[in-house]
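# Examination of the molecular architecture
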Amino acid sequence: MRKLVQLLVIGLAAPGAAQAASQTDYIIDPDDGVYESKGLLSKMPGGFVPVPTIITEPAVGNGLAVTGLLFHESDEEAAARERGEGSVLPSNISLIGLGATDNGTKGGGIGHLGFWMDDRLRYKGFLLYGDLNLDFYSLGSIKLKHPVEMNLVGPFVFQQLTMRYRDSNWFAGVRQLYREVHTSYTGSRESNKVPPAAVDLVARYLERDITTSGLGLVAEYDSRNNPLGPTAGFNYVAHLSRYDKAIGSDLEYDALHLHGLNYWELSPRWDFAFRVQYDSVSGDSNLPPYVLPSVDLRGISSTRYQGEAVLVSEAELIWKWRPNWKFNLFTGLGRTGDTFGDLGAASSSVNRGVGFRYQVLQQYGFWMGVDVAEGPEESAFYIQAGSAW
């Protein structure tokens, strides 16, 4: 499911006019004469960046969150960066966040990204706890004319560790996922979305406590020039995870994920990017709806179109107006089916949109901005931090 919390702005304020005057050498960009954050992390205690956040995911509504990012740097890394010799990313990035939305969804979590041994070893891990109110338009393979309102409560743990093969761009490793979810039907009996005679049956079917535990293998090719804000290179990922009772799962199924991210610098002013992604699950019948993959496109709710097989593609054209400003146009389509063979005849869900980005951390190539997207049923705006993909 699409990430629920996206970064809005990095809170930056000088405590006094005297301090502001002393910081002029690094908060004014010589290229465009406006605010620029190069050197910011070296001036902040421990490289900590507090981030107020706006949540704009259609599946959960609008809301607010607070996220803290901690860019870990050793003394040697900080000194190298001051000399202009540092790597694109620090060796460790940690985060902690809390958030809530206007439909009653709330949650929090911690995470860590590691780029260790000169980026020969990569780690990412997250521990989240959520209380989510979501509308699902399918129950397993059953498509619904009206959404079923569900509440999902419980913890989620994800870890992945990959190792670079020699000096190449290839990585291989393992991943682990664990979640305990209590699901309940939260729709009003007077809403007429579910026939009154079926309300109790639907509630009994949906009110379950389910543990899913999986282990998987992952292979990755990554030649992007910057994983936070790539403008050139490729990222291809394949991972297959097995959820099995032998490792504590109540359900038994396989989950396959494939994606390809492609970035090209067409000219000094223009960039182009293209994404293709395929997800599938197979195994036990009547898998809960939150297990099924969904069409992941801006402008489309992350629970709107689901299936046991989902194919998505999206293209984006970027115009670089100034060194720290750029504008983007994007469009994509997604298809769902019960199997891969069904996707050819399936109808397409199409999105389109526009956006802009501003580079807030030059030394890490970190961009933030806004996308406005339109899907088949609704429009939405997204506060983007880093790459939208």
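The structure under discussion appears in the preceding block.
Quick caveat, the model's predicted, so the values are computed rather than measured. (Residues numbered from 1 in each chain as written. Predicted model: local features only at pLDDT ≥ 70, side-chain atom pairs only at ≥ 80, totals over all residues. Heavy atoms only, no water.)

## Quick notes on the side chain of Asn133
Note the following rule: Each helix is a run of DSSP H or I of at least 4 residues and each strand a run of E of at least 2, with the numbering of both proceeding from the N terminus. Pairs of N or O atoms within 3.5 Å make up the polar contacts considered here, provided that, within protein, one atom can donate a hydrogen while the other can accept it, and that residues adjacent in sequence are counted only when both atoms are side-chain atoms.
Along the chain, Asn133 turns up in strand β5 (residues 121-139). There is a polar contact of 2.9 Å between the side chain of Asn133 and the side chain of Asn151.

## Digging into the packing of aromatic side chains
Which entries qualify depends on this criterion: What counts as a ring pair is set by centres within 6.5 Å for rings of Phe, Tyr and Trp (its six-membered ring), and what kind of pair is set by the plane angle: stacked under 30 degrees, edge-to-face over 60, tilted for all other angles. Ring-over charges, as used throughout, are those where CZ of Arg or NZ of Lys falls within 6 Å of the ring centre and within 35 degrees of the ring normal.
Counted according to the given criterion, the structure contains eleven aromatic pairs. Arranged with centres 6.1 Å apart and planes meeting at 40°, the rings of Tyr263 and Trp389 form a pair that is tilted. You can see Tyr263 sitting in strand β10 (residues 253-265) and its partner Trp389 sitting in the segment after β16 (379-385), a full 126 residues away along the chain. Between Trp264 and Phe272 the ring centres are 6.0 Å apart and the planes differ by 20°, which places this aromatic pair in the stacked class. Ring pairs connect the aromatic residues Phe234, Trp264 and Phe272, which therefore count as one cluster. Above the ring of Phe330, the side-chain terminus of Arg298 is found at 3.8 Å from the ring centroid. A cation over a ring is seen here: Arg304 above Tyr137, with NZ or CZ 3.9 Å from the ring centre.

## Examining the nonpolar core
To keep it simple, the criterion reads: Nonpolar cores were defined as sets of buried Ala, Val, Leu, Ile, Met, Phe, Trp, Tyr and Cys residues, with membership established by side-chain atoms within 4.5 Å. Whether a residue is buried, partly exposed or exposed follows from its accessible area with a 1.4 Å probe, protein chains only, as a fraction of its type maximum: under 20%, in between, or over 50%, in that order.
Counting 26 residues, the largest nonpolar core has Leu134, Leu152, Tyr253, Val281, Leu287 and Tyr290 as the members making the most contacts within it. Among the secondary structure elements, those contributing two or more residues to this core are β5, β6 (142-164), β7 (170-185) and β10. Core analysis: the next-biggest nonpolar cluster, separate from the first, contains 13 residues, Val51, Ile93, Tyr358 and Leu361 among them.

## Looking at the pattern of salt bridges
Two side chains of opposite charge can pair, provided their charged atoms sit close to one another. To keep it simple, the criterion reads: In what follows, salt bridge is the name for a side-chain nitrogen of Lys or Arg lying within 4 Å of a carboxyl oxygen of Asp or Glu.
Applying the stated criterion across every chain, the model contains 17 salt bridges. We note a salt bridge from Asp222 to Arg122, for which the minimum N-O separation is 2.8 Å. Here Arg122 lies in strand β5 and Asp222 lies in strand β8 (residues 208-222), a separation of 100 residues in the sequence. The exposure class of Asp222 is buried, given its relative accessible area of 6%. On the basis of relative accessibility, which here comes to 14%, the residue Arg122 falls in the buried class. In this structure, the salt-bridge partner of Arg224 is Asp222, at a minimum N-O distance of 2.9 Å. Each of the salt bridges in this network shares a partner with another, and the network as a whole consists of Arg275, Arg298, Glu314, Glu316, Arg357 and Asp371.

## With respect to unusual backbone geometry
Within the chain, Met117 stands out as a residue other than glycine whose phi angle is a positive 50°. Here the phi dihedral of Asp119 falls at roughly 65°; this positive angle occurs in a residue that is not glycine.

## Quick look at the pairing of β6
Selection criterion: Strand pairing follows a simple DSSP-based rule, namely that at least 2 bridges must link the two strands.
Bridge count between β5 and β6: 18 bridges; the pairing is antiparallel. Each bridged residue has a counterpart across the sheet, and for Lys124 the counterpart in β6 is Gln160. Note that β6 and β7 share 13 bridges and pair antiparallel. Of the residues in β7, the one forming a bridge with Arg164 is Phe171. Linking two consecutive strands that pair antiparallel, namely β6 and β7, is a turn of five residues; a positive phi of about 50° is found at Arg166 within it.

## Re a nonpolar patch on the surface
Going by this rule: Candidates for patches are residues over 30% relative accessible area with no salt bridge; among them, like charges are joined within 9 Å and nonpolar side chains (Val, Leu, Ile, Met, Phe, Trp, Tyr) within 5 Å. Note on areas: Shrake-Rupley, 1.4 Å probe, and residue coverage restricted to the protein chains presented here.
On the surface, Trp264, Leu266, Trp270, Leu317, Trp319, Trp321, Phe327, Leu329, Val354, Phe356, Val372 and Phe381 cluster together to form a nonpolar patch covering roughly 1,100 Å² of accessible area. For the nonpolar patch, the secondary-structure elements that each account for two or more residues are β12 (309-322), β13 (325-337) and β14 (349-361). Among the elements that take part in the nonpolar patch, β12 stands out by supplying three residues, more than any other. Within the element layout of this structure, Val354 appears in strand β14.

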